[in-house]
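Descriptive structure summary
Chain residues, written in single-letter form:
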Amino acid sequence: MKETYKNYNPRQASLDEARALLTQAAQAAMAAGDLPQVELPDFIVEIPADPKNGDVACNLAMAGARVFKKAPRQIAETILAHLPDLTDSPVDRVEIAGPGFLNVYLSTGPYTGTVYAATLNEEYGRTDWGKGQKVNVEFVSANPTGPMHLGNARGGALGDCLAAVLDWAGCDVTREFYVNDAGNQIQKFGKSLSVRYQQIFVGEEAAPLPEDCYQGEDIKVLARAFADQEGDKWMTADEEARKQALIDFALPKNIAGLERDLAKYRIAYDVWFRESTLHDSGAVQAVVDKLLASGACYKAEDGAIMYRSAQFSEKYGAANKRKDEDEAKDEVLVRANGIPTYFAADIAYHYNKLAVRGFDKAIDVWGADHHGHVARMKGAMDAVGLDGAKLDVVLMQLVKLVRDGQPVRMSKRTGKAITLTDLLDEVPIDSARFFFNMREAGSQVEFDLDLAVKEDSDNPVYYVQYAHARICSILKKLAAAGIEYEGIHAWAGYTWPEEAERDLIRAVGAFPAEIVGAAKNYDPARITRYVIDLAGSFHKFYNSCRILDAEPATRQARIALCLAVKQVIFNVLTMFKITVPEQM
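In short, a report on the structure. For clarity, every value in this text was computed on a predicted model and none was experimentally measured.

**Side note on the sheet that holds strand S2 (residues 56–58)**
Spatially, four strands are ordered S1-S2-S4-S3 in an open sheet, and the strand pairing comes out antiparallel. Single-partner strands in this sheet number two, and they are strand S1 (45–46) and strand S3 (91–97). Note: S2 against strand S4 (residues 101–106), three bridges, orientation antiparallel. Note on S4: the bridge partner recorded for alanine 57 is asparagine 103. Against the sheet, helix H4 (residues 72–81) touches S3 and S4, its axis set at about 160 degrees to S3.

Here is the structure:
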């Protein structure tokens, strides 16, 4: 029976059953001559917001008014007259509402099937919607020249949980971090380190730090560590050699720090992809040559290679242009001095994802300030002979930290801008991962530092964890009274007469469909909101339905329902790498 419920989606099963039943009835009505013989119109079956309107609502009679040339209510009555015998059917009855809506009410069977599925299948919620398509999710990809900021904290939780949702939806997911270890920012990093290193031996006045260098304290720390190891021997070296020595020393430390901090945040990447490999392997030059050969690029008079950006980006949205320009201009891909721009490497990187490694879909999680880069990047995939529609970008809005209702911009510990590690030192990791996934990516997050550390039902992650712990406590109390769960045979035939029971089962049954919805919309926050609602439904159920002193079959059915809810909460929290306490 366990195999029966693999990839089971109760909500979708109900929609499919209702569609098939009403289609069969409409066809029977046509065959009997009670409706004209026509091709059935497209119609909608959906889960109504209010269960008083049925488990499934359908607009077939409304949609068929034109082709059947009858009033919707008359069509609905005719369809009802041709329903097959519903004995032993998943459907209990169908009623007409308003001008002709068909409301389908399920029998006990589908409710029981949902509880079976959630108690027998430890991976209940998984579906085969994604059909194993290869999906690359690239997120955070923070600059390795400094510490990660709050945007990276949100991007980390969002990207990791999005990858988890896609995995549960049946995709073959790869989590990836793109290491920008080449280009201008690395040269700037080396220059900043070189100046700070020299200052150790000659002072800041003799070696002032230019304004365009990195000003952070972390640069000083790295330069001091290098000096402790190497002494002053690099003071007499050529500037380029000194810079490179410092980069070779400091960059691996920073990258290791990124890995360490992200691991603390419970993020484990499958791939750490280095930008430098694209340059070293000739992949950047190969893409540039490909664009030149196709006419998407051309050589300017000064020798720079220009890309016809607007031509390819227009179909995907706003072309890349400055506010003071009437139209987008061609972009430099390779400078006149022969050095490729960052955009050239970015094109090569995404070409590598889609063409070389063969991902069916590449998803990037970017800050909203990169919105102007989306159309040009998707257009570049078309320009290089791929399909820009295979690249999707999730744009993420800013994070606003508040304490005592007031904005917080600086770390109490350092007096500087708050970093990922500052945040994780102050709030539980469970709260950070949960809070950053409570709103869709396109909405600003207001992160309440006071709420994140509260241990009561005001804190949403605590509220969900408490529901799981409460079920564990119920089961322990039952065991202490000599009552164990005896399996599905102990409550066979139970009809779920209480509305609180049915409401809770509906919530459990929605889980696989919510996974699919979250995957389709790249919105893991949908699952966070769902599990909060599920916890609320459980608390209502527990307050209105007795378990310990209920009649034996009723008690066993309600224990099964508790186990179903427990499994769903466990699956959501572990999917999002949040701890699942058994007592609180």
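So that's the structure; there's more coming.
**Quick look at the environment of lysine 353**
Within the secondary structure layout, lysine 353 lies in helix H13 (residues 342–356). When its relative accessible area of 0% is taken as the criterion, lysine 353 is described as buried. In sequence terms lysine 353 and asparagine 136 are 217 residues apart; their C-alpha atoms lie 7.6 Å from each other. Once residues lying within four places of it in the same chain are set aside, the contact partners of lysine 353 are Asn136, Glu138, Glu176, Gly358, Phe359, Ala362 and Asp364.

**As for the packing of helix H19 (residues 499–509) against helix H22 (residues 552–575)**
Taken N-terminus to C-terminus, the directions of H19 and H22 make an angle of 30 degrees; their axes are 10 Å apart at the nearest point. It follows that H19 is roughly parallel to H22 by the angle criterion. Crossing hand, H19 versus H22: left-handed. Counting all contacts with H19, which are made through Glu501, Leu504, Ile505 and Val508, the residues of H22 involved are Arg558, Leu561, Ala564, Val565 and Val568. Considering only residue class, the contact of H19 with H22 consists of seven nonpolar, no polar and two charged.

**Some thoughts on the side chain of glutamate 176**
Position of glutamate 176 relative to the elements: it lies in strand S6 (residues 172–179). Polar contacts involving the side chain of glutamate 176 include one to the side chain of tyrosine 349, which spans 2.6 Å. With near-sequence residues (within four places) excluded, glutamate 176 lies in contact with Asn136, Val137, Glu138, Phe139, Tyr269, Val271, Phe273, Tyr349, Lys353 and Arg357.

**A short note on the sheet that holds strand S15 (residues 445–448)**
Read from one edge of the open sheet, three strands run S14-S13-S15, paired in mixed fashion. Strands with a single pairing partner mark the edges of an open sheet, and in this sheet they are strand S14 (406–407) and S15. In this structure, strand S13 (residues 399–403) lies alongside S14, joined through two bridges in antiparallel fashion. Bridging across to S14, valine 402 finds its partner in proline 407.

**Some details on the pattern of salt bridges**
Within this structure, the stated rule accounts for 34 salt bridges. The shortest N-O distance in the salt bridge between aspartate 55 and arginine 506 comes to 3.3 Å. Here arginine 506 lies in helix H19 and aspartate 55 lies in the loop between S1 and S2, a separation of 451 residues in the sequence. What makes aspartate 55 buried here is its relative accessible area of 11%.

**Some thoughts on helix H18 (residues 460–480)**
Between the first and last C-alpha of H18 there are 30 Å, a value that for 21 residues agrees with the 30 Å anticipated at 1.5 Å per step. Near the N-terminus of H18, the side chain that reaches the backbone nitrogen of valine 461, with its oxygen 3.2 Å away, is that of asparagine 459. Directly after H18, the chain includes glycine 482, whose backbone phi takes a positive value near 85 degrees.

**As for the environment of alanine 61**
Following the sequence through the fold, alanine 61 ends up in helix H2 (residues 60–63). When the C-alpha atoms of alanine 61 and valine 165 are compared, they prove to be 36 Å apart, with 104 residues separating the residues in sequence. Discounting residues that sit within four places of it in the chain, alanine 61 has contacts with Pro72, Ile75, Ala76, Gly100 and Leu102.

Rules of the game
Residues numbered from 1 in each chain as written. Predicted model: local features only at pLDDT ≥ 70, side-chain atom pairs only at ≥ 80, totals over all residues. Heavy atoms only, no water. Pairing = 2+ DSSP bridges. Helix = DSSP H or I, 4+ residues; strand = E, 2+ residues; numbered from the N terminus. Contact = heavy atoms within 4.5 Å. Axes fitted to C-alpha atoms, helices over the stretch in contact; angles between N-to-C directions. Buried < 20%, exposed > 50% of the residue type's maximum accessible area, 1.4 Å probe, protein only. Parallel < 35°, antiparallel > 145°, perpendicular 65-115°, else oblique. Left-handed = near helix turned anticlockwise from the far one by under 90°. Nonpolar A, V, L, I, M, F, W, Y, C, P; charged D, E, K, R; others polar. Polar contact = N/O pair within 3.5 Å; in protein donor to acceptor, adjacent residues only side chain to side chain. Salt bridge = Lys/Arg side-chain N within 4 Å of Asp/Glu carboxyl O. Expected span 1.5 Å × (residues − 1).

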